[in-house]
Each structure stands twice: as C-alpha cells, then as structure tokens.
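This is what each chain is made of:
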Amino acid sequence: DTAVSQTPKYLVTQMGNDKSIKCEQNLGHDTMYWYKQDSKKFLKIMFSYNNKELIINETVPNRFSPKSPDKAHLNLHINSLELGDSAVYFCASSQGWASGIQETQYFGPGTRLLVL
Amino acid sequence: DAKTTQPTSMDCAEGRAANLPCNHSTISGNEYVYWYRQIHSQGPQYIIHGLKNNETNEMASLIITEDRKSSTLILPHATLRDTAVYYCIVRVEGNYGGSQGNLIFGKGTKLSVKP
C-alpha cells in the first residue's frame, strides 16, 4: 500500500564510508526527488529525475550520486561520508513535469543518517 | 530562499478551526500557493494548493486574498493529529527548465492543537 518507500529508515555509519539509500514509488509517477532536512529542520531539494533523467541538481557535492535504474526507483549513493552529511533524507515523487497535470509531490518517510 | 512569511508558532483548541496565515507579497502571476505539513518524524504531506480562487478539499480550505499577497489555510475542526509544522510555499507549476518549479520550504508554522 505504501506509495513512496525508503530503505533503510535509520543509518548510522563512520566518517569516510560509502553508503546508499533506496527509494521506490508505486504511484506510476514519472518524476522523483531527493530532499535533505538538516538539524535546523530546513528542507532543501537536492536532485530531481524525470523518466530516469536528471533535471534538477541543486549544487550538491559530487560525493552524492543519484541513480535511477527505472522511473519507479531513485537511489542515492554517498561517497566519503562527512559529519555534515548527518540529516534526514526524504525521497518524493510527482506525476510529471510540463504535462499540465497537477504536480503534487508525495514524500517518503525519510532516512535518518548519522555520521560518526 | 522561501518567498513566504509565516508565524513561527500557533496554538489551537481541539475541535476549533485553525487559521494559519501566510504572506507572499512578491508572488508572481504564474505562481501557485501550496500548503504542506510535516508531522513529527514523518515526511511532508500535501494539503492543498491554489492560484487565485479559494479552494477546499477533504483536509482543509485555502483562502487567497484578491491581490494574492496573502493566504490563509483553514483546518475547520482541528484534532490532536493535526499538530505539525505547516509550510506555505509559492511555486511555478509545470516549469522544470530551471529552479522555478522547486518546492522551497521555509521555517513554517508549528501548530499545536491542545485538548
């Protein structure tokens, strides 16, 4: 039943490690997003993919590499994790873009990343 | 930066209407007003959006002033489960040529519904 799901829910790791977060949506949407919510609770967009193609990249360090194997999945791989990467990462999806259809974004439950 | 201004926090009694204001004095003609909320430890949840006319759905009503410089989200009968941070966002719909279509979240209003 879950519309947008993320795994894992919690991730605790050491500085310098490489980790991945997975996102899947079963809404049939064409567009998916990654957001980061920092300790001050500001929620900011990182990336957006439409039909497996990158359309938004908001000046995110290249240690972050999104990958979309198909339009229902958008995974986030992070290399050489730093303390400042500790945050909650939210995946979202929407119907599409430039389609004239309402583009409400539906968010996943979040992945809480703690870098030690 | 967010183009909206909201009070930091508000209280509401359970069962009463919660009226959450938002100022967006620099809104452009093609920008919609969106409302999302984030319940503690959950992802943001879409509530409602509108361009010029007032809108109502099963969750809430959205009242937009005639000059579109401000709006109010109304939860008609607030419950304890409505306690959340409410975000008012303005964005262009359907434009992904740049950043204009991004959802830019500000600090929001922390609504506390009390018994």
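Figured I'd write up the structure that's included with this text. This is a predicted model, so every value here is computed, not measured.

## Overview of the overall build of chain B
In step 1: Across its full length, chain B holds zero helices and nine strands.
In step 2: Mapped in sequence order, the helices and strands of chain B form the string β-β-β-β-β-β-β-β-β.
In step 3: Its C-alpha radius of gyration of 14 Å places chain B within 12% of the 13 Å reference for a compact globule of 115 residues.
In step 4: In terms of overall dimensions, chain B has C-alpha extents of about 45 × 30 × 25 Å along its principal axes.
In step 5: Carbon and sulfur atoms make up 47% of the accessible area of chain B, which totals about 5800 Å².
In step 6: Charge centroids of chain B, computed over 11 positive and 10 negative side chains, lie 4 Å from each other.

## Thoughts on the state of the cysteines
In step 1: Summed over all chains, the structure comprises two disulfides over all chains.
In step 2: Covalently, C23 of chain A is tied to C91 of chain A through a disulfide, its sulfur atoms 1.8 Å apart. The S-S bond linking C23 of chain A to C91 of chain A shows a torsion near -80 degrees; that makes this disulfide left-handed. Placement of C23 of chain A in strand β3 (residues 19-25) and of C91 of chain A in strand β9 (residues 87-94) is noted, with a sequence separation of 68 residues between them.
In step 3: We note that C12 of chain B lacks a disulfide partner, and the nearest cysteine sulfur, in C22 of chain B, lies 18 Å from it.

## Overview of the pairing of β3 of chain A
Residues and elements named next belong to chain A.
In step 1: Sheet topology places strand β1 (residues 4-7) next to β3; four bridges connect them, and they run antiparallel. What sits directly across from S5, in β3, is E24.
In step 2: For β3 and strand β8 (residues 73-78), the ladder comprises four bridges, and the chain directions are antiparallel. Note that in β8 the partner of E24 across the bridge is H73.

## Notes on the interface of chain A and chain B
In step 1: Taken together, the contacts link 23 residues of chain A with 20 residues of chain B.
In step 2: Taking both sides of the interface into account, the surface hidden between chain A and chain B amounts to around 1800 Å²; carbon and sulfur atoms contribute 54%.
In step 3: Scanning the region where chain A abuts chain B turns up zero salt bridges.
In step 4: Where chain A packs against chain B, one counts three residue pairs in polar contact (both at pLDDT 80 or more).
In step 5: Only β4 (31-37), β5 (43-50), β6 (53-57) and β9 of chain A provide two or more residues apiece to the side of chain A that touches chain B.
In step 6: Among the residues making up the side of chain A that touches chain B, the classes are represented as twelve nonpolar, seven polar and four charged.

## Describing a nonpolar patch on the surface
Residue and element names in this part refer to chain A.
In step 1: A surface patch of nonpolar side chains, amounting to about 270 Å² of accessible area, comprises V12, L114 and L116.
In step 2: Along the polypeptide, L116 turns up in the segment after β11 (111-115).
In step 3: Relative accessible area serves as the criterion here: at 48%, L116 is assigned to the partly exposed category.

## Focus on the nonpolar core
In step 1: Grouped together as the largest cluster of nonpolar side chains are 22 residues, with contacts concentrated most on L20, W35, L73, L75, Y86 and L111 of chain B.
In step 2: Of all the secondary structure elements, the ones that give two or more residues to this core are β2 (18-23), β3 (31-38), β4 (45-50), β6 (61-64), β7 (70-75), β8 (84-92) and β9 (109-114) of chain B.
In step 3: In terms of residues, this core owes the most to one element, β8 of chain B, which gives four residues.
In step 4: For Y86 of chain B, the residues in contact, after removing those within four places along its chain, are Q6, L20, W35, Y36, R37, I47, L73, L75, G108, T109 and L111 of chain B.
In step 5: Counting 20 residues, the second largest nonpolar core, distinct from the first, contains V4, M32, V60 and Y89 of chain A.

Rules of the game
- Residues numbered from 1 in each chain as written.
- Chains lettered and ligands numbered in written order.
- Predicted model: local features only at pLDDT ≥ 70, side-chain atom pairs only at ≥ 80, totals over all residues.
- Heavy atoms only, no water.
- Helix = DSSP H or I, 4+ residues; strand = E, 2+ residues; numbered from the N terminus.
- Rg over C-alpha atoms; globule rule 2.2 N^0.38 Å.
- Areas by Shrake-Rupley, 256 points an atom, 1.4 Å probe, with all protein chains shown as cover.
- Lys, Arg positive; Asp, Glu negative; His and termini not counted.
- Charge placed at Lys NZ, Arg CZ, Asp CG, Glu CD.
- Disulfide = S-S within 2.5 Å.
- Pairing = 2+ DSSP bridges.
- Contact = heavy atoms within 4.5 Å.
- Buried area = accessible area lost by both parts, 1.4 Å probe.
- Salt bridge = Lys/Arg side-chain N within 4 Å of Asp/Glu carboxyl O.
- Polar contact = N/O pair within 3.5 Å; in protein donor to acceptor, adjacent residues only side chain to side chain.
- Nonpolar A, V, L, I, M, F, W, Y, C, P; charged D, E, K, R; others polar.
- Patch = residues over 30% accessible without salt bridge, like charges linked within 9 Å, V, L, I, M, F, W, Y side chains within 5 Å.
- Buried < 20%, exposed > 50% of the residue type's maximum accessible area, 1.4 Å probe, protein only.
- Core = buried A, V, L, I, M, F, W, Y, C linked by side-chain atoms within 4.5 Å.

In short, the description is geometric, and any link to function would need to be established separately.
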